[in-house]
Amino acid sequence: MTPSNASAVQTQDSAAAEEVREPVPLDEPRDGVPLVINTASGLRRAAAALAAGTGPAAVDAERASGFRYGQRAFLVQVRREGAGTWLVDPEPFPDLVPLNDALSGVEWILHASTQDLPCLAEVGMRPDRLFDTELAARLAGLPRVGLAAVVESLLGLRLAKEHSAADWSTRPLPEPWLRYAALDVEVLAELRTELVRLLEDSGKLGFAEEEFEAIRSAPPAGPKTDPWRRTSGLHQLRDRRHLEAVRLLWEEREALAENRDVAPGRLIPDSALVAAAKAMPVSVPALLKTPGFHGRAAAKEAPRWLRCLAAARTATDLPPLHLPSSSPPPPRVWAEKDPAAAARLNTAKPRIARAAEALDMPTENLLTPDYLRRICWRPPTPIDPDTVAATLASLGARPWQVRVAAPVLTVAFLDPDPA
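Bear in mind that the values here come from a model prediction, so they are computed numbers and not experimental data.

A. A look at the overall build of the chain. Scanning the chain from terminus to terminus reveals 19 helices and 8 strands. Taken over the C-alpha atoms alone, the chain extends approximately 90 × 65 × 50 Å along its principal axes. Relative to its 419 residues, the chain shows a buried fraction of 46%. Of all intrachain contacts in the chain linking residues separated by at least 6 positions in sequence, the fraction that spans at least 24 positions is 67%. Put simply, the chain shows about 21,200 Å² of open surface, and 54% of that area lies on carbon and sulfur atoms.

So this is what it looks like as structure tokens:
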């Protein structure tokens, strides 16, 4: 074999090795597993260290979804260059404002920030600037955007996620859980650097910055109308009295869950509420024999549930089967209800998808599907680039989305494809 051939084979072998190289397990924080801060003096130390740090701050929060009532944070993790990683238990404190003040003006890096920002706000922590690594990965066109997948793809590290669904209200928190929590913020700063590079190279960093600011500055979600209507399986009921039974059972379960600080579904699941409402039993034995009625509080609190069913039987002000809605009807009925709207949607939807594909991002990140349906169902009058852009902006589309989508929609509306 000639030297040149040997060199070529060596190069191929190196490339092949590069392709099959296994990710390096990330199983130990570089500074060790931090102690949990749960005293006022410890909180002051954490705040002082973070204030003295440099660069952005990696932030995460752990909840006890499915175990405790509500979505409050039971552990907050913050890491910043020069300050190390801090794990803070919010439960002993009225709030974590000292941490928030220490990070004033600092960019926060979170993964899937919309999941954690509400519970962080509950403890007085609100970023002045935001970088969301999950959303950045979507806009960059990565095929998988979970934290472990993005870390593996961009940093070549394997991040374990085995404790993501743990009961973080457990005290004391087990050491393996604390290691997992610390690792969640260990490499977010490095991940941000790689994502910024990808976004800059593809000309999409400005898109991402608009998205981050929209999330950061969004007002808190208001109370939902008739939250009991989100009960799983409610669509099975076609009788208003049965709906009233679900409403009363749901509200009773909610009050009991809040009082006991336990997730409502751990008392009795949604399916049990629907089963009881369908059957409308009149005695405790009949209730407990109802198929599908079960749960840890099914028998112990049976008289409580039975009182709800009795009240539903005699109620006179029954809830409507459906709430009035300003949303467009389901697209499957558009052709019958409004053929022109159906033509607009059938033309615009694939064109928006192609525009998103050209930008190498998911279609829903270019234009929220609800916005697309709404503007197709009731377009502006007259239809021109300015009115379409104004309508998209009024729906909540960001400026970059308006710039890309408005021309596509305008042409689609003025000259829809034949049915």
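B. Up close: the pairing of strand S3 (residues 54-63). Here S3 lies mainly inside the structure; 7 of its 10 residues are buried. Bridge count between S3 and strand S4 (residues 73-81): 8 bridges; the pairing is antiparallel. The residue of S4 that forms the bridge with Ala-58 is Arg-79. Taken together, the 2 bridges between S3 and strand S6 (residues 107-110) define a ladder with parallel strand orientation. Note that in S6 the partner of Ala-57 across the bridge is Trp-108.

C. Molecular detail of the sheet that holds S4. Taking strand neighbours across the sheet as the criterion, the 6 strands line up as S2-S5-S4-S3-S6-S7 in an open arrangement whose pairing is mixed. Because the sheet does not close on itself, it has two edges, and the strands there are strand S2 (36-37) and strand S7 (129-132). Direction of pairing for S4 relative to strand S5 (residues 84-88): antiparallel, over a ladder of 5 bridges. What sits directly across from Arg-79, in S5, is Thr-85. Sitting on the sheet, helix H4 (residues 113-122) is in contact with S3, S4, S6 and S7, with an inclination near 85 degrees to S3.

D. Quick look at the side chain of Thr-85. In this structure, Thr-85 sits in strand S5. What makes Thr-85 buried here is its relative accessible area of 13%. Among the polar contacts listed, one links the side chain of Thr-85 to the side chain of Arg-79, at a separation of 2.7 Å. The contact partners of Thr-85, leaving out residues within four places of it in the chain, are Pro-34, Val-78, Arg-79, Ala-182, Val-185 and Glu-186.

E. Just the nonpolar core, in detail. Counting residues in each nonpolar core, the largest one holds 85 residues, and the members touching the most others are Leu-96, Leu-99, Leu-367, Leu-392 and Leu-409. Among all residues touching Leu-96, those that are not within four sequence positions of it are Leu-43, Val-76, Val-88, Pro-90, Val-123 and Met-125.

F. Structural detail: the environment of Ile-109. Inspection of the secondary structure puts Ile-109 in strand S6. In the structure, Ile-109 is positioned 86 residues away from Pro-23 in sequence and 23 Å away in space, judged by C-alpha atoms. The contact partners of Ile-109, leaving out residues within four places of it in the chain, are Pro-56, Ala-57, Ala-58, Val-59, Phe-131, Thr-133, Leu-188, Ala-189 and Arg-192.

G. A look at the pattern of salt bridges. Inspection of every chain in the model, using the stated rule, returns 29 salt bridges. Where Asp-201 meets Arg-197, a salt bridge forms, and the shortest distance between an N and an O atom there is 3.9 Å. In this pair, Asp-201 and Arg-197 are both assigned in helix H8 (residues 188-201), 4 residues apart and thus about one turn of the helix distant. According to the relative accessible area criterion, Asp-201 is exposed, its value standing at 60%. Across the salt bridge formed by Arg-304 and Glu-252, the nearest N and O atoms sit 2.6 Å from each other.

Each value, and the rule that gives it
- Residues numbered from 1 in each chain as written.
- Predicted model: local features only at pLDDT ≥ 70, side-chain atom pairs only at ≥ 80, totals over all residues.
- Heavy atoms only, no water.
- Helix = DSSP H or I, 4+ residues; strand = E, 2+ residues; numbered from the N terminus.
- Buried < 20%, exposed > 50% of the residue type's maximum accessible area, 1.4 Å probe, protein only.
- Contact = heavy atoms within 4.5 Å.
- Areas by Shrake-Rupley, 256 points an atom, 1.4 Å probe, with all protein chains shown as cover.
- Pairing = 2+ DSSP bridges.
- Axes fitted to C-alpha atoms, helices over the stretch in contact; angles between N-to-C directions.
- Polar contact = N/O pair within 3.5 Å; in protein donor to acceptor, adjacent residues only side chain to side chain.
- Core = buried A, V, L, I, M, F, W, Y, C linked by side-chain atoms within 4.5 Å.
- Salt bridge = Lys/Arg side-chain N within 4 Å of Asp/Glu carboxyl O.

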